[in-house]
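# Commentary on secondary and tertiary structure
If you want the building blocks of each chain, they are given just below.
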Number of protein chains: 2
Amino acid sequence: MLNQQVNETVELVDRKLEEYLPQQDIMQADLINAMRYSLLSGGKRIRPLLLLEFCRICGGDVHAALPFACAIEMAHTYSLIHDDLPCMDDDDMRRGRPSNHKVFGEDTALLAGDALLTLAFETMLSEESVRLVGAERAVAAAGILAHAAGAYGMVGGQVVDLMSEGRVISLKTLQEMDENKTGALILAAAKMGCVLAGANESQLKAAENYAKAIGLAFQIVDDILDVTGDSETLGKPVGSDDENSKCTYVTLMGLDNAKIKALELTDAAVRALEGFESGTEVLSQLARELVSRDK
Amino acid sequence: MLNQQVNETVELVDRKLEEYLPQQDIMQADLINAMRYSLLSGGKRIRPLLLLEFCRICGGDVHAALPFACAIEMAHTYSLIHDDLPCMDDDDMRRGRPSNHKVFGEDTALLAGDALLTLAFETMLSEESVRLVGAERAVAAAGILAHAAGAYGMVGGQVVDLMSEGRVISLKTLQEMDENKTGALILAAAKMGCVLAGANESQLKAAENYAKAIGLAFQIVDDILDVTGDSETLGKPVGSDDENSKCTYVTLMGLDNAKIKALELTDAAVRALEGFESGTEVLSQLARELVSRDK
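Residues numbered from 1 in each chain as written. Chains lettered and ligands numbered in written order. Predicted model: local features only at pLDDT ≥ 70, side-chain atom pairs only at ≥ 80, totals over all residues. Heavy atoms only, no water.

## Looking at the interface of chain A and chain B
Going by this rule: The contact definition used throughout considers only heavy atoms, calling two residues in contact when any of these lie within 4.5 Å. Using a 1.4 Å probe, buried area is obtained as the accessible area two parts lose upon being combined, added over both of them. Side-chain atoms alone can form a polar contact between residues adjacent in sequence; in general such a contact is a pair of N or O atoms within 3.5 Å, and within protein one must be able to donate a hydrogen while the other accepts it. Here a strand is any run of E in DSSP of at least two residues, a helix any run of H or I of at least four, and the numbering for each starts at the N terminus. When residues are grouped by polarity, Ala, Val, Leu, Ile, Met, Phe, Trp, Tyr, Cys and Pro land in nonpolar, Asp, Glu, Lys and Arg in charged, and all others, Gly among them, in polar.
Facing the 46 residues of chain A at the interface are 46 residues of chain B. Roughly 4,100 Å² is buried in total at the junction of chain A and chain B, and carbon and sulfur atoms are behind 74% of that figure. Joining chain A to chain B, the criterion identifies eight residue pairs in polar contact (both at pLDDT 80 or more). For the side of chain A that touches chain B, the secondary-structure elements that each account for two or more residues are helix H2 (29-39), helix H4 (62-84), helix H6 (106-124), helix H8 (135-149), helix H9 (154-164) and helix H10 (171-196) of chain A. Tallying contributions element by element places H6 of chain A first for the side of chain A that touches chain B, with 10 residues. Partitioning the side of chain A that touches chain B into residue classes produces 28 nonpolar, 11 polar and seven charged.

Structure follows, in structure tokens:
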């Protein structure tokens, strides 16, 4: 039942993503194909799910929130495309397929990332979106994403990540970096869902606590999978952290402690959901699945 | 007098740009320095000027429009940083100084561009901006920029530009490409200024006609300067179009016809300003200066 609800939501998001993408145009065909390739590559759609679920349990209109759910997935996808570029992590594979620049070339991949980030804002600020949620909430939600994606959020975390390669960093620095690099967008998804539904302060606080906990747990599990995972299941090579001499939760805490920490954070996330009256089953299941995933 | 007005506006924009940049932070120092380097490198601030002037002659509050003027300069700067990257035009010089990636490395330059685009939206959607102009106008102005910067605007034009290198294209294709690559942001500046001031339809139409004419004239003059200009004055090498076997207005129309076309467009721009009652002196001077510039 829960799975069916999740699947239906993911299908809805996928359909809308396709709808929001620019239509085929002979002049920009390459760009549009590159955008489609990465955006419609079967991602887990965790951020849209978070946004829509928090919107729903705060009494909001899930359909009106869809443009915003799609926008956060576009912003996430742009970051993956740029992260994979040769001048960044230089990853050839992503989600089991050649990464964007391996298929379309570095120039088009760069621009496809740029265009997806821009499309995220275009989608949130479109007349249709504003009609659905009102200008006040559209501005608030889009502003949360802008802040989370920028220099104090995701991009800031990526820079620190680049600087840290081959260096020993403290657990505190690693955690701060991850709060920005991956945590900021997950937190933004939860906050945007609340804001779009007109949630109250205590609901917003509970959503933030949930999102911070699963954001960190998500990153710890990523590090664990880079050691214990199977490259075929993951769709990307394992051992890359070790190869890049990266400090991870596994190298800094040890594998067992990292696993314990991830479970503790999951419990904290599920507890945070007690701040809502009902309807939190999907979110608690999502927290548990993120920590027990094998990809 | 006019020059003084322009200089004061440019100084105001420069001061605000500095204010909106992220503050120094030891963790992201590299990123912030890279953002500052390109954003505060003494650009002509044509797009902010256009936005603020159209806002002013439509009776709007220029100070309230400043965040939006700064945002369009951030979006313009991001496009220059990404355009200069080795996988794109691979330009080593920009505005008389080494381009961003030559100073900060490709990875940081890429992220500085990403962060500037994101900061453009963060600035427009901030609580302060929304308080100054209201949510409705903030959304409308930010939406115009998002559309103009994306796949159907600036980024779309860049892709077509990349595809056209070394190929013979028609004058029509060249013009369509430029309408996107450089024209879209200039048009957006004019439209945003009008929208922020609550302009009427006929003012908006006149502003669009002016912006389309100077946008195209601007690009034609760029092509002329690549042939006739002085690399020291320009702050970048001349003859790069020829080196890259690019079709330009000069190669397609001849130098003399290109000059005539630029002057005709300037006249058309100045005529379009007749749609406004008064106060258009700065804008007509700007149109004339753009066509007679030597850099």
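Structure shown, so let's carry the discussion forward.
## Overview of helix H3 (residues 46-57) of chain A
Residue and element names in this part refer to chain A. Which entries qualify depends on this criterion: Here, expected helix span is obtained from the residue count minus one, scaled by 1.5 Å. The rule is simple: take the accessible area with a 1.4 Å probe, protein chains only, and divide by the maximum for that residue type; under 20% is buried, over 50% is exposed, in between is partly exposed.
Over its 12 residues, H3 runs 16 Å from end to end, which matches the ideal 16 Å to within 8%, given 1.5 Å per residue. Of all 12 residues making up H3, 11 are buried, and the element is well covered by its neighbours. Those residues of H3 lying buried are Ile 46, Arg 47, Pro 48, Leu 49, Leu 50, Leu 51, Leu 52, Glu 53, Phe 54, Cys 55 and Ile 57. In this structure, the buried side of H3 is in contact with helix H1 (2-20), H4, H10, helix H11 (201-228) and helix H16 (281-292). Looking one or two residues past H3, Gly 59 carries a phi angle of roughly 85°, positive in sign.

## Considering the packing of helix H1 (residues 2-20) of chain B against helix H3 (residues 46-57) of chain B
Residues and elements named next belong to chain B. What counts, and what does not: Here, axes are lines fitted to C-alpha atoms. For helices the fit covers the stretch in contact, and angles between N-to-C directions go from 0 to 180 degrees. Angle categories: roughly parallel below 35 degrees, roughly antiparallel above 145, roughly perpendicular from 65 to 115, and oblique for all the rest. Throughout, a crossing is termed right-handed when the near helix is turned clockwise from the far one, and left-handed when it is turned anticlockwise from it by less than a right angle.
Remark: H1 packs on H3, axes separated minimally by 10 Å, with the N-to-C direction vectors making an angle of 115°. With respect to their mutual orientation, H1 and H3 come out roughly perpendicular. Note that H1 runs across H3; the crossing there is right-handed. Contacts between H1 and H3 involve Gln 5, Val 6, Thr 9, Val 10 and Val 13 from the first element and Pro 48, Leu 49, Leu 52, Glu 53 and Arg 56 from the second.

## Re the packing of H4 of chain A against H9 of chain A
Residue and element names in this part refer to chain A. Viewed as axis vectors pointing N to C, H4 and H9 meet at an angle of 20°, and their least axial separation amounts to 12 Å. With respect to H9, the axis of H4 lies roughly parallel. Our pair here, H4 against H9, has a crossing hand that is right-handed. Across the interface between the two elements, Ala 75, Tyr 78, Ser 79 and Asp 83 from H4 touch Met 154, Val 155 and Gln 158 from H9. Split into classes, the residues belonging to the contact of H4 with H9 amount to four nonpolar, two polar and one charged.

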